[in-house]
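The chain contents come next:
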Amino acid sequence: LNVSGVTDKVRENDAFVSITLIRKPPLQVAWLKRVALDALSLAEAPDTIIQDREIVLAAVERDGLSLQYAASALRADHQVVICAVNNDWRALQFAEGSQRANRSV
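Residues numbered from 1 in each chain as written. Predicted model: local features only at pLDDT ≥ 70, side-chain atom pairs only at ≥ 80, totals over all residues. Heavy atoms only, no water.

With that out of the way, let us pick up helix H4 (residues 53-62). Of all the residues in H4, the buried ones are Ile55, Val56, Leu57, Ala59 and Val60. The opening residue of H4, the one whose side-chain oxygen lies 3.0 Å from the backbone nitrogen of Glu54, is Asp52. (Buried < 20%, exposed > 50% of the residue type's maximum accessible area, 1.4 Å probe, protein only. Helix = DSSP H or I, 4+ residues; strand = E, 2+ residues; numbered from the N terminus. Polar contact = N/O pair within 3.5 Å; in protein donor to acceptor, adjacent residues only side chain to side chain.)

Turning our eyes to something else, we now look at the pattern of salt bridges. Per the counting criterion, the structure on display carries five salt bridges. In this structure, Glu44 and Arg34 form a salt bridge, with 2.2 Å as the shortest nitrogen-oxygen distance. On the criterion of sequence distance, the pair formed by Glu44 in the loop between helix H2 (26-37) and helix H3 (47-50) and Arg34 in helix H2 is long-range, its members being 10 residues apart. Judged by relative accessible area, Arg34 falls into the partly exposed class, the value being 33%. (Salt bridge = Lys/Arg side-chain N within 4 Å of Asp/Glu carboxyl O.)

With that settled, consider the packing of H4 against helix H6 (residues 78-87). Two elements in contact, H4 and H6, have axes separated by 7 Å at closest approach and are oriented at 20°. Judged by the angle between their axes, H4 and H6 are roughly parallel. Between H4 and H6 the crossing geometry is left-handed. In this structure, H4 uses Arg53, Val56, Leu57, Val60, Glu61 and Arg62 to contact H6, whose residues at the interface are Gln79, Val80, Cys83, Ala84 and Asn87. A per-class count over the contact of H4 with H6 returns six nonpolar, two polar and three charged. (Axes fitted to C-alpha atoms, helices over the stretch in contact; angles between N-to-C directions. Parallel < 35°, antiparallel > 145°, perpendicular 65-115°, else oblique. Left-handed = near helix turned anticlockwise from the far one by under 90°. Contact = heavy atoms within 4.5 Å. Nonpolar A, V, L, I, M, F, W, Y, C, P; charged D, E, K, R; others polar.)

Coordinates in, geometry out; function isn't part of it.
Structure representation (structure tokens):
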């Protein structure tokens, strides 16, 4: 972690900066990297991964059609569906019924 630029700015502006570090499980990190390269690899993911909102969001941002491999709860998640449809309108066919019927999608 390189914070030298941040500490220089803190000294210049006499301000305080709060940094929060978040440790992610290795499996989650591996899948975040994997879907960043190939969103449709979500098709091969274990249940814990297709239920992980952060991973599914990363996948649908890259390729909206990866929504078809997400857990049903995430296919019913408004933000996930909007993100997928914004990437590829054809993703709407994979959304849960409540989201397909939602006119704001």
